[in-house]
Structure formats: C-alpha cells, structure tokens
Amino acid sequence: AQKVTQAQTEISVVEKEDVTLDCVYETRDTTYYLFWYKQPPSGELVFLIRRNSFDEQNEISGRYSWNFQKSTSSFNFTITASQVVDSAVYFCALREYNNNDMRFGAGTRLTVKP
Amino acid sequence: GAVVSQHPSRVICKSGTSVKIECRSLDFQATTMFWYRQFPKQSLMLMATSNEGSKATYEQGVEKDKFLINHASLTLSTLTVTSAHPEDSSFYICSAGGTSGGAYEQYFGPGTRLTVT
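Colleague: Where do I start with the packing of aromatic side chains in this structure?
Modeller: Two aromatic rings are characterised by how far apart their centres lie and by the angle between their planes. Throughout the structure, instances matching the rule amount to 18 aromatic pairs over all chains. Aromatic side chains Tyr64(A) and Phe77(A) sit 5.2 Å apart centroid to centroid with 90° between the ring planes, which places their arrangement in the edge-to-face category. Taken together, the residues Tyr64(A) in strand β8 (residues 64-69) and Phe77(A) in strand β9 (residues 74-79) connect sequence positions 13 residues apart. No difference in accessibility class separates Tyr64(A) from Phe77(A), as the two residues are buried. A network of ring pairs unites the aromatic residues Phe35(A), Tyr37(A), Phe47(A), Phe91(A), Phe104(A), Tyr36(B) and Phe108(B) as a single cluster.

This is the structure:
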C-alpha cells in the first residue's frame, strides 16, 4: 500500500524567509500521482499541485515551487519569500493509478511570523 | 475544477442521536465518493470508498454499522453517523472522484465539523 511521510510536524519562519516542506513517498506502482494541498484554519482543502509519476519536471508557480525526485521518492515544496498568509497546514498526498483513493501524509504546520 | 458541497458545514448533536452529512458534486459525475475523517491536529484518514449504486468499502477499523454510507446517484453521497458519541466528534470531508476529459479527477468538499455533546 502507498505511504506518504512528512517528517516535519511544525515549521516556524519569519516573513520573507524561504521554507521547504519535505515529502517522501512509497509505492509499488509505476504510475502514480502526487499532490500538495493547503489547509487553512477554515479547514477547507486548497489544491496546489498534481504531478504525474512520468513527469519529473520541476514546477514553479509564483512563489511556490516543487521538486520531484523519483530517485529519492521525494516531492518537496518550497515557498519563496514567505508571507503571513502562507500560514496553514500543508499536506502531501499520493494516489496510485490502480487504486483511486488518495492517501495523505501527516501534514506540516507552517507558521509565518511577521 | 468541480465544485463539491457538504451540508451541514457544522453540526452539534447529543450523544446517542444520529447525524446525516450530505456531499454533493455540483457539476461533476462522481462515480466514486470518498469519506475522510480528520481529528484535531491530525491528518485526513480515509474511512470508506463507495462507487455509485454499490455498497461502500470500509477501511480497517471503521465500523460499517456505525458509519452508514449511501451513494445512490452520481451527484450525491451521504454519511450517517449512528448513535453518535463524543469520540465521533471530528471533521468529516468527502471527496468526489470520476473521469473527466479522459483523466481521473478528485475534488474535495469543504468539510463538516461534527461535535457530539
């Protein structure tokens, strides 16, 4: 079965610092999908990105960037020049091609202080 | 992406009563519905998966007689917490899954916060 590990439980940074959230995954499938979600205090999940296993290109979206490394089974998320509004819990998740249910990591609580 | 709604967003009930939570996929054919539970400061844990018109498949440790799931149509699934107890207090999130444009997509609802007193 698939497994997602987010070793960082909580991270605290000062505004404008860069921060990287780690995600390591395990799967036996050769085809799978990786996700990052943001969960603000309201509780609603905000979709950030989906990455297919056959596409190892890194992605940048504004202040957000993702580094997908199949060799180390990692899909790390970096926020550049963090802002207070980035404070939330961030979840990494994995969905296998042959098993449609999505499994989540434990989440990383990011606090950005002014 | 598609819009998935949940009703109610928040509910408080007394111990021993039953509570029904609705999950609607407003503009998406959800062949599969997923129900997750999230306790405070914890991750989302999959409770069950249901395919439209079929019985739900429950994850290990989830009581199927306590958490009744109905997925009668491609746009509606319900979760009924029967004889609720304080330990059932949690944030319940549904997710609608289906094929759109040849790819499998999954969209999450905003969640329902259940408090059992």
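More follows now that the structure is in view.
Colleague: Help me understand the interface of chain B and chain A, please; the structure alone is not making it clear to me.
Modeller: How big an interface is tends to be stated in terms of the accessible area lost upon association of its parts. Of the residues lining the interface, 18 residues belong to chain B; the matching set on chain A comes to 17 residues. Both faces considered, chain B and chain A share a buried interface measuring about 1,400 Å² in area, 52% of it formed by carbon and sulfur atoms. Viewed at the interface, chain A and chain B are joined by two salt bridges. Taken together, the links from chain B to chain A amount to seven residue pairs in polar contact (both at pLDDT 80 or more). Counting residues per element, the ones that place at least two in the side of chain B that touches chain A are β4 (32-38), β5 (44-51), β9 (90-100) and β10 (103-108) of chain B. Grouping the constituent residues of the side of chain B that touches chain A by class yields nine nonpolar, five polar and four charged.

Colleague: Would you take a moment to explain unusual backbone geometry for this structure?
Modeller: Excluding glycine, residues mostly carry a negative phi; peptide bonds, for their part, are mostly trans. Cis geometry marks the peptide bond from His7(B) to Pro8(B), where omega comes out at 0°. On the secondary structure map, Pro8(B) appears in the loop between β1 (4-7) and β2 (10-13). Phi is positive for Lys16(A), close to 85°, though the residue is something other than glycine. Locating Lys16(A) in the fold gives a position in the loop between β2 (10-14) and β3 (19-21). Positive phi, close to 50°, is recorded for Ala81(A), a residue that is not glycine.

Colleague: It is not clear to me how the nonpolar core should be interpreted in this structure. Could you clarify?
Modeller: General note: in soluble globular proteins, nonpolar side chains tend to be found buried as a group. The biggest cluster of nonpolar side chains holds 26 residues, and the ones touching the most others in it are Trp35(B), Phe67(B), Leu79(B), Tyr92(B) and Leu114(B). Broken down by secondary-structure element, the contributors of at least two residues to this core are β2, β3 (19-25), β4, β5, β7 (67-73), β8 (76-81), β9 and β11 (112-116) of chain B. Other than its neighbours up to four places away in sequence, Phe67(B) contacts Arg37(B), Met47(B), Tyr58(B), Val62(B), Leu79(B), Thr80(B), Val81(B), Asp88(B) and Tyr92(B). Counting residues in hydrophobic clusters, the runner-up holds 24 residues, among them Val13(A), Leu48(A), Phe77(A) and Cys92(A).

Colleague: Please clarify how the state of the cysteines should be interpreted in this entry.
Modeller: Two cysteines joined by a covalent bond between their sulfur atoms form a disulfide. For the structure on display, the rule yields two disulfides over all chains. In this model, Cys23(A) is linked to Cys92(A) through a disulfide, with the two sulfur atoms separated by 1.9 Å. Measuring the twist about the S-S bond at about -65°, one finds the Cys23(A)-Cys92(A) disulfide to be left-handed. Linking Cys23(A) in the loop between β3 and β4 (24-26) with Cys92(A) in strand β10 (residues 88-96), this pair joins segments that are 69 residues apart in sequence. For Cys23(A), a relative accessible area of 0% gives the class buried. In this model Cys23(B) forms its disulfide with Cys94(B); the gap between the sulfur atoms is 2.0 Å. Linking Cys23(B) and Cys94(B), the disulfide has an S-S dihedral of approximately 75° and is accordingly described as right-handed.

Cut-offs used in this document
- Residues numbered from 1 in each chain as written.
- Chains lettered and ligands numbered in written order.
- Predicted model: local features only at pLDDT ≥ 70, side-chain atom pairs only at ≥ 80, totals over all residues.
- Heavy atoms only, no water.
- Phe/Tyr/Trp six-rings, centres within 6.5 Å; stacked < 30°, edge-to-face > 60°.
- Helix = DSSP H or I, 4+ residues; strand = E, 2+ residues; numbered from the N terminus.
- Buried < 20%, exposed > 50% of the residue type's maximum accessible area, 1.4 Å probe, protein only.
- Contact = heavy atoms within 4.5 Å.
- Buried area = accessible area lost by both parts, 1.4 Å probe.
- Salt bridge = Lys/Arg side-chain N within 4 Å of Asp/Glu carboxyl O.
- Polar contact = N/O pair within 3.5 Å; in protein donor to acceptor, adjacent residues only side chain to side chain.
- Nonpolar A, V, L, I, M, F, W, Y, C, P; charged D, E, K, R; others polar.
- Core = buried A, V, L, I, M, F, W, Y, C linked by side-chain atoms within 4.5 Å.
- Disulfide = S-S within 2.5 Å.

These figures come from the coordinates and say nothing about function on their own.
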